[in-house]
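Listed below, chain by chain, are the residues.
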Amino acid sequence: YIRNGESLEVATRLNVIVFDKTGTITEGKPNVTDFFKKSRLGKNKIIALAAAAENNSEHFLARAIVNYAKQQSVDHLECSHFYSRTGRGIEAEVEGKKVLIGNRFWMDDQNVSVNGLLDEASHFAEQGKTPVYMAVNGKETAVFGIADKAREEARNSIARLHDLGIETLMVTGDTEKTANYIAAKVGIEQVVANAKPDEKLEIIRKFQAEGRQVGMIGDGINDAPALAAANVGFAIGSGTDVAIESADLTLVQGDISKVTETIELSTDTISVIKQNLFWAFGYNTIAIPVAALGKLNPMVASAAMALSSVSVIVNSLRLSKK
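Caption draft 1: Region of interest: the sheet that holds strand S3 (residues 79-85). Taking strand neighbours across the sheet as the criterion, the six strands line up as S2-S7-S6-S5-S4-S3 in an open arrangement whose pairing is antiparallel. Both edges of this open sheet fall to strand S2 (31-37) and S3, since each of them pairs with a single strand only. Geometrically, the sheet is characterised by an average inter-axis angle of 20° between neighbouring strands, direction not taken into account. Pairing of strand S4 (residues 89-94) with strand S5 (residues 97-102), which is carried by six bridges, proceeds in the antiparallel orientation. Bridging from a neighbouring strand, Gly89 pairs with Gly102 of S5.

Put into structure tokens, the structure is as follows:
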């Protein structure tokens, strides 16, 4: 879905495209594949607490934990307090217990040591899984390993962008090991990991300050500012409403190969417009002076005008075959 003609025109000049990871390069269908606990609480109790806390969140990773709890058939618990910090994690109260779930930075922000979980978390990350830490009442409790596969079309799509001379960059809040694993899978060489939401915006503006034309592809709430600031923002159709509203183009089925097709369509469209203008101006440059001298029969002039319009239409219709 193309929101306006200007974005299609600008797309032909893009020379840098910044990608989000989760839900953009990856499918956005994460699953909990690993679980490691370091607590006297039983596994099912920990999972139940985590699911109750995350049930109020719309984040991909939160949904993965809630679904994992359903798969494990654990008891449903009620959450009496919930707070979310974008790019970090959540805080909740469940059965009188303070539950923290999020990344390493969130735990550091809350002064919770997770040293006993780091080895397992590092192992998860080396396999391309996202480690999600959990603490109960200020004590490290467990770490979840959540996997999200790269989109099947991602590698070919990014290779096509490189063939067009477009530089690609992945910017994600995920760990460095996880980000590098996914980037290697799809052929992206430049990665910025552990990025805060506002860093995506800073990166976009830095490229623009260098005179670059920047495209941004994302799907989440934290991508919205960068999508709006980019020269062309591409939103994943299955993403959040905020991201879609902030973008110039929406990839309805989430197929990132459409980004390359959009750029190619933009290039072809601008080429056809220039061709049409050339022939239109050429016709008028020749015909108007001749008509002014009275050397052009009105019937011939009418036929020539009609032929000119038909040639423009026929030339434009070639785009439908691209």
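Caption draft 2: Just unusual backbone geometry, in detail. Phi at Asn111 is positive, roughly 60°, even though this residue is not glycine. Mapped onto the secondary structure, Asn111 falls in the loop between helix H4 (104-109) and helix H5 (118-126). Taking relative accessible area as the criterion, Asn111 reaches 72% and is therefore assigned exposed. Phi is positive for Asn137, which is not a glycine, with a value near 55°. Its place among the elements puts Asn137 in the loop between strand S6 (130-136) and strand S7 (139-147).

Thresholds, definitions, all that
Residues numbered from 1 in each chain as written. Predicted model: local features only at pLDDT ≥ 70, side-chain atom pairs only at ≥ 80, totals over all residues. Heavy atoms only, no water. Pairing = 2+ DSSP bridges. Helix = DSSP H or I, 4+ residues; strand = E, 2+ residues; numbered from the N terminus. Axes fitted to C-alpha atoms, helices over the stretch in contact; angles between N-to-C directions. Buried < 20%, exposed > 50% of the residue type's maximum accessible area, 1.4 Å probe, protein only.

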